[in-house]
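The residues making up each chain are set out below.
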Amino acid sequence: MRKIVYMMSVSLDGFIEGPDRELDWHQVDDELHSHFNALLAPMGAFLSGRVTHELMAAFWPTADADPSSTGPAVEYARIWRDMPKIVFSKTLERADWNTTVVRDLVVDDIKALKAQPGGDLALGGADLGAAFMRHDLVDEYRVYVHPVLIGRGRPMFQPADDRVSLRLVETRTFGNGVVLLRYQRP
């Protein structure tokens, strides 16, 4: 059975974006980007909300045509374009780049998607991540902690009523100081 892997970059103080949605504090160098590519290339699909999808769709479809793009960025542009994507949105009418728009998160539909053959499913976005967590659909968390305190912004985890026990299965420190904390459900 495929796993749903919730992946996010966070500041040391737990924010995924600054108060004005800024992401300029992310420290993605070639080593980290190559790691992301190796992890994401075999995935079965990217699952995201509208905001995350639109952010990605505004840049990645043509990033490999930019002469200033690094090798890992060129590789990721191709991965992103070709990967099946499911965007959860009540307002988005349609989306390009191998994307299916889904109006509502239906637990049975997600369980059926997990039961299909293929690679794991990469989940991104704080709101969608919180919705998947509320329905106990996340199998693995990959938190990339960047060595910066941004003070305010949007947290990765929203307040919840339920405790979720996790098992640490991997840590990795990258040359730029980013630390991967990988947890799975026991």
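Residues numbered from 1 in each chain as written. Predicted model: local features only at pLDDT ≥ 70, side-chain atom pairs only at ≥ 80, totals over all residues. Heavy atoms only, no water.

**What to know about the pattern of salt bridges**
Line of reasoning, step 1. Considering all chains together, one arrives at 15 salt bridges under this definition.
Line of reasoning, step 2. Put simply, Asp 120 and Lys 3 hold a salt bridge, and the shortest N to O gap is 4.0 Å. Here Lys 3 lies in the segment before strand S1 (4–11) and Asp 120 lies in the loop between helix H4 (107–115) and strand S6 (121–124), a separation of 117 residues in the sequence.
Line of reasoning, step 3. For Asp 120, a relative accessible area of 24% gives the class partly exposed.
Line of reasoning, step 4. Through salt bridges with shared partners, one network takes in Lys 3, Asp 120, Glu 140, Arg 142, Glu 170 and Arg 182. (Salt bridge = Lys/Arg side-chain N within 4 Å of Asp/Glu carboxyl O. Helix = DSSP H or I, 4+ residues; strand = E, 2+ residues; numbered from the N terminus. Buried < 20%, exposed > 50% of the residue type's maximum accessible area, 1.4 Å probe, protein only.)

**Details of the side chain of His 53**
Line of reasoning, step 1. Following the sequence through the fold, His 53 ends up in helix H2 (residues 50–57).
Line of reasoning, step 2. Assessed through its relative accessible area of 5%, His 53 is described here as buried.
Line of reasoning, step 3. Those residues in contact with His 53 that lie beyond four places of it in its chain are Ser 48, Trp 80, Lys 85, Val 87, Leu 92, Ala 95, Asp 96 and Thr 99. (Contact = heavy atoms within 4.5 Å.)

**A look at the sheet that holds S1**
Line of reasoning, step 1. Read across the open sheet, the eight strands follow the order S5-S4-S3-S6-S1-S7-S10-S9; overall the sheet is mixed. If you trace the sheet from one side to the other, it starts and ends with strand S5 (99–102) and strand S9 (167–173), each paired once. Strand after strand, the sheet turns through a mean of 20 degrees between neighbouring axes, direction not considered.
Line of reasoning, step 2. Relative to strand S10 (residues 179–184), strand S7 (residues 140–146) runs antiparallel, the two being bridged by six bridges. (Pairing = 2+ DSSP bridges. Axes fitted to C-alpha atoms, helices over the stretch in contact; angles between N-to-C directions.)

**Re the packing of helix H1 (residues 30–40) against helix H3 (residues 71–82)**
Line of reasoning, step 1. Close contact between H1 and H3 brings their axes to 9 Å; oriented N to C, the two are set at 25 degrees. Classified by the interaxial angle, the pair formed by H1 and H3 is roughly parallel. Here H1 and H3 pass one another in a crossing that is left-handed. From H1, Asp 30, His 33, Ser 34, Asn 37 and Leu 40 reach across to H3, where they touch Pro 72, Ala 73, Glu 75, Tyr 76 and Ile 79. (Parallel < 35°, antiparallel > 145°, perpendicular 65-115°, else oblique. Left-handed = near helix turned anticlockwise from the far one by under 90°.)

**A closer look at the pairing of S9**
Line of reasoning, step 1. Summarising the sheet, S9 and S10 pair through six bridges and their orientation is antiparallel. Each residue of the ladder has a partner; that of Thr 173, found in S10, is Val 179.
Line of reasoning, step 2. Hairpin connection of S9 to S10: five residues between the antiparallel strands, including Gly 177 at a positive phi of 95 degrees.

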